[in-house]
Amino acid sequence: MKYIKIKIILCALLVGGPLCSFAQNDIPDGNSISDEDSIPVKDDMMQLIFHKENKKDVLGGVSEVNVAELMKKNFSTYSLDNMDDYVGGYNGNMWGRDSYLVLVDGVPRDANNVLPTEIDKITFLKGAQAFILYGSKAAKGVVYITTKRGAVGNQTINVRFNTGFYVPKCYPKYLGSAEYMTLYNEARTNDGLAKSYSDDDIYNYALGKNPYRYPNVNMYSSEYLKKAYNYSDGTAEIAGGGSHARYYTNIGLQNTASQFNFGEAKNNHTTRFNVRGNVDLTMNNWISGKVDANVTYYDSRSANGNYWSDAATFRPNRVAPLIPISYIESNDATDLSMVTNSNNIIDGKYLLGGTQLDETNPIADAYASGYHTSTSRQFQFDAGIDMDLSRILGGLSFHTLFSTDYSTSYMQSYTKTYATYTPTWNNYSGQDMITSFTQYGKDSKDGVDYIKSSSDNQTISLSGQLNYKRTFNHAHNISAILVASGYQTSIDSLYHRVSNANLGLQVDYNYREKYYVDFGSAEVHSAKFSTKKRNAFSPSLTIGWRLSKENFLKDSPVVDDLILSASGSVLHSDLDFSNYYMYQGSYTQTNGTWWGWDDGKTEQSTNSVQGTNYNLTFEKMKEFSVNARASLWKNLLTVDASFFVNNREGLPILSSTIYPNYFSNSYPSSSFIPYVNHNADRRTGFDFNVNFNKRINEVDFTLGVTGMYYTTKWTKIDESYSNSYQYRKGRPIDGYWGLKSNGFYQSEDDISNSPTSSFGTVSPGNIKYIDQNGDNKIDSNDAVFLGRYASPFNMGVNLTLKWTNFTFFASGSGYFGGYGMKSNSYYWVYGDKKYSDVVRGRWTEATAKTATYPRLTTQSSSNDFQNSDFWRYKTDRFTLNKVQITYDLPAKILRKSFIHELSAYVSGSSLLTISKERKILETNVGSAPQTRNYDLGVKMTF
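The numbers attached to residues start from 1 for each chain and follow its sequence in the written order. Local features are withheld for residues below a pLDDT of 70 in this predicted model, meaning they are given only at 70 or higher, and side-chain atom pairs are given and counted only at 80 or more; totals for whole chains, interfaces and linings count all residues. As a rule here, side-chain values come from all non-hydrogen atoms in the structure, and water together with hydrogens is ignored.

Draft legend 1. Seen up close, the overall build of the chain. Strands here mean DSSP runs of E at least two residues long; helices mean DSSP runs of H or I at least four residues long; both are numbered from the N terminus. When you go through the chain residue by residue, the secondary structure sums to twelve helices and 48 strands. For a compact globule the rule gives 2.2 Å times the number of residues to the power 0.38, and the radius of gyration it is set against comes from C-alpha atoms. For the chain, the C-alpha radius of gyration of 33 Å lies close to 30 Å, the compact-globule estimate for 942 residues. Burial status follows relative accessibility: with a 1.4 Å probe on protein chains alone, a residue under 20% of its type maximum counts as buried, one over 50% as exposed, and anything between as partly exposed. Out of the 942 residues belonging to the chain, those deemed buried represent 51%. Here, two residues are considered to be in contact whenever any of their heavy atoms come within 4.5 Å of each other. Of the contacts made within the chain by residues no fewer than 6 positions apart, 72% connect residues no fewer than 24 positions apart.

Draft legend 2. Seen up close, the nonpolar core. Core analysis: the biggest nonpolar cluster contains 65 residues, and Tyr-307, Tyr-835 and Val-839 have the highest contact counts within it. Of all elements in the fold, only helix 4 (177-190), helix 5 (199-207), helix 6 (307-311), strand 14 (350-352), helix 8 (362-368), strand 39 (767-769), strand 41 (784-788) and helix 12 (918-922) reach the threshold of two or more residues within this core. Looking at this core, the element that brings in the most residues is helix 4, giving six residues. Residue contacts for Tyr-307: discarding those within four places in its chain leaves Met-219, Tyr-224, Leu-225, Phe-260, Phe-262, Pro-362 and Ile-363. Nonpolar cores are built from buried Ala, Val, Leu, Ile, Met, Phe, Trp, Tyr and Cys residues. Side-chain atoms within 4.5 Å join them into one set. Formed by 24 residues, the second largest nonpolar core is a distinct cluster that contains Leu-125, Tyr-134, Tyr-144 and Tyr-487.

Draft legend 3. Quick peek at the environment of Gly-447. Looking at where Gly-447 falls in the secondary structure, it is placed in the loop between strand 19 (444-445) and strand 20 (450-472). On the basis of relative accessibility, which here comes to 61%, the residue Gly-447 falls in the exposed class. When the C-alpha positions of Gly-447 and Tyr-414 are compared, they lie 7.5 Å apart, and in sequence the two are 33 residues distant.

Draft legend 4. The arrangement of the confidence of the model for the chain in detail. As a per-residue quantity, pLDDT reports the predictor's confidence and falls between 0 and 100. Summing up the model confidence of the chain, the mean pLDDT is 91 and the portion of residues at 70 or higher is 95%. Below pLDDT 50 for its whole length, residues 1-41 participates in 69 contacts with residues either more than four positions away or in separate chains.

Draft legend 5. Unusual backbone geometry, seen in detail. With a phi close to 70°, Phe-50 is a non-glycine residue in the positive phi region. Note on placement: Phe-50 falls in the loop between strand 1 (45-48) and strand 2 (51-54). The backbone of Asp-105 shows a phi angle near 55°, a positive value even though the residue is not glycine. Residue position: Asp-105 is located in the loop between strand 4 (101-104) and strand 5 (107-108).

Draft legend 6. Examining the packing of helix 4 against helix 5 more closely. Note on geometry: axes are lines fitted to C-alpha atoms, helical ones only across the stretch in contact, with angles between N-to-C directions running from 0 to 180 degrees. Where helix 4 contacts helix 5, the two axes come as close as 8 Å, and the packing angle between them is 155°. Compared by their axis directions, helix 4 and helix 5 come out roughly antiparallel. The segment helix 4 lies against helix 5, with Ser-177, Ala-178, Met-181, Thr-182 and Asn-185 engaging Asp-201, Ile-202, Tyr-205 and Ala-206. Note on angle classes: values under 35 degrees are labelled roughly parallel, values over 145 roughly antiparallel, values of 65 to 115 roughly perpendicular, and the remainder oblique.

Draft legend 7. Layout of the pattern of salt bridges. The term salt bridge refers to a side-chain nitrogen of Lys or Arg lying within 4 Å of a carboxyl oxygen of Asp or Glu. All chains considered together, the criterion is met by 37 salt bridges. Between Asp-561 and Arg-546 there is a salt bridge whose closest N-O contact spans 2.7 Å. Here Asp-561, found in strand 25 (residues 559-573), pairs with Arg-546, found in strand 24 (residues 535-546); they are 15 residues apart in sequence, far enough to count as distant. Its salt-bridge partner being Asp-734, residue Arg-788 comes within 3.0 Å of it at the nearest N-O pair. Of this pair, Arg-788 sits in strand 41 while Asp-734 sits in the loop between strand 35 (699-716) and strand 36 (735-738); the two residues are 54 residues apart in sequence, bridging distant segments of the chain.

Draft legend 8. Focus on the layout of surface pockets. As a volume, the second largest pocket reaches approximately 1200 Å³. Surrounding the second largest pocket, 45 residues form its lining, Tyr-78, Asp-81, Tyr-166, Ser-910 and Asn-933 being those nearest its centre. Sorting the residues of the lining of the second largest pocket by element identifies strand 9 (229-241), strand 10 (245-256), strand 11 (269-282), strand 43 (806-816), strand 46 (877-888), strand 47 (901-914), helix 12 and strand 48 (931-941) as the ones contributing at least two each. A breakdown of the residues in the lining of the second largest pocket according to their chemical character gives 14 nonpolar, 22 polar and nine charged. Note on definitions: the grid is 1 Å and covers protein atoms alone; a cavity is a set of points where a 1.4 Å probe fits but cannot get out; a pocket is an open set with protein on both sides within 12 Å along at least five of seven lines; lining residues have an atom within 4 Å of a point. Grid points are joined across faces, edges and corners, and a volume is the space filled by probe spheres set on the points. Nonpolar residues are Ala, Val, Leu, Ile, Met, Phe, Trp, Tyr, Cys and Pro. Charged residues are Asp, Glu, Lys and Arg, and all others, Gly as well, are polar.

Printed below as a string of structure tokens:
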């Protein structure tokens, strides 16, 4: 018997597939793997913190997505892809909080290191009562990812092949050389400076006859970028087992090709390989366990340089990246010898271009500066034991889980320097020729394999718990959990480990699944505080009432199920305490001031950095929520809705108002002000999930609508302003603050009759602002609230239509009520920056009434480039996130083949954005572009 268990473990973890087949004589009598041993899948159970619960008994603040079922109609490659389409209360965070904890099979892990093909279900624990057992680190919500496991039955093999293309949505639009030069001259004229470019030069650049002499570099053109680039992946899943051991194995390989089509950059790629093995063991009728392992390898290669960042700054006329050798005069022996001695003759035809100011350029970098490879290795191991202790006490069981994760990453770099050349041009009888070169730099390679950006991290997690679950007199259902848990993450660059430790107690009672009382608690611990402040008790109480079991609804033809619940929780957390020893005063000589004495000696002062506060302690999250969940008309319509109020109190700050001003000094820089628990904020809102299910003729129709609306505000904040309208208390915590604009200055008289700007000298065509406090001066005291950057309302829609063997799926999401600020280099153009197309709407005397952009300048123009409603835009949008059509080959066609199931699909992602500001929302500046994805895939079951 031991031989069988060992063989199953090794096969599932390491190999899987045909090598995991068992000879009949390997299986002892009474333990054969057969259909009769099948264990039904318990789809009615929902994964919560440290336990599973029947869905009907979960009292709100929790949502679940069945990823294994979703993948049958909606293939994706990221575990949390478009989850706001299916989960109300989730918009990238939960219930308006700013982060969340990810647990994979109960262990803190990255969501991007587990693929959807590996996942069974994902639980979104939004309400504090649902995650309080995990303690401090869970205080902003938990996303619990449960991976697939094997089941009793014959071995099954699922194979999926998927390939597709990323197609960039759009690129930033910058001016060509001639237009840039013309407008740059205009900017210099505005500043009272001489023009930089002659009319003849601008004419030649506009003519475009010789782009090597008069370059017009467009780094977003097809000369450098592909219109689409490929990614492919394949996955094999192997599962099966018997009553004593069940196994699941996932083997996957992904590769993403390069978007570039030149130089070393065309060899860019990212490859991911993973193997996961999950094994469940049943030792006897009271001891069972599991052993899981996952290994993931990431390898990527990239050309040196920062192409996307440079593309946003590299001006089109600066330099021709490539200089054709064919333009060199045939009798120019000196320059031809340069060609012979160069290590970088591109395609046998070009030298690398440069100037004294631009000895390198991003195009040349991709050709000749070398490349780097990035490597990441991750190993995850879990081992758990479950013991049925009902022999000691009915309903009692013990569970423990130990996990250890290792991750390492590093970068190897092969670096080269290269020479660039500035040609001297002459024109002979209308023919441009190169008469000489000036060389900058030299070609070299040191041969050193540089290793950098290395990191090594380790997480160790351990939990042990006693569970009690029992029903008395077929009416009183009692369950309890007592758990001790903790984890530590060691990060090589940090002295202190990231830790979480707590003792949790959950006691639940319900009477005939009608009346519910749940009590949860955690005794949390954190080493971030002084010895006497490191522990805190966090309680939660929830009550529920299933109205559908009352006599007045029991036989209702409309209501299948209706349950109401209310919950109150207080959870202590250290999540917003960024460092250890924040309670302790500290001193330094690093920035100390030097002092001299009569004897000629100098001493450096020891300065206080911060004061001591041994009473610094956890922040408190106080939450109240109400939930209603209903199923109507025999599951035709299901509704799950929650209302929540979340208060955070005692957020840590270095106060500027509590202590006298002599507690700090600007020179020498020093402070005796300690960290204190002070600020507080509130989030209030509601979320909903509504699903409609109906068969219409031969079509199965399913429609899901989700959403959330919430508000935020500071309820207490350390602040001091001269004007009441600037106080943040009572205002949203996620707000923009800035100036209110009032058009452009139209003339010198207009400037003279307007408040004085403290942001520098202004001229006609600069932005004019409203003087909020009437002091005849525009400064930071005139800043007002401009709107929220987080969208108050978000919604998701998902639609499934199934007809015979065809399945149509579509999903989308909408975000409304938020604002963005056009404050990157694409919009804030001044000095010698690259000009984007927005400057075409610049103010001039001729366009004074229609201008959409301030006057151009080669100066800093700090007056114009302040946060203000001039740069504000609405982020309202609806995005069609996914459309997929799947065809399942009829079973009768496959009846006599070794293939049990076969399906094929085509899909598209991020297909459409409906928004007034679509261009802004879809344009990335200084980074890789957003893409639409088109996939073709096939899935087979053997």
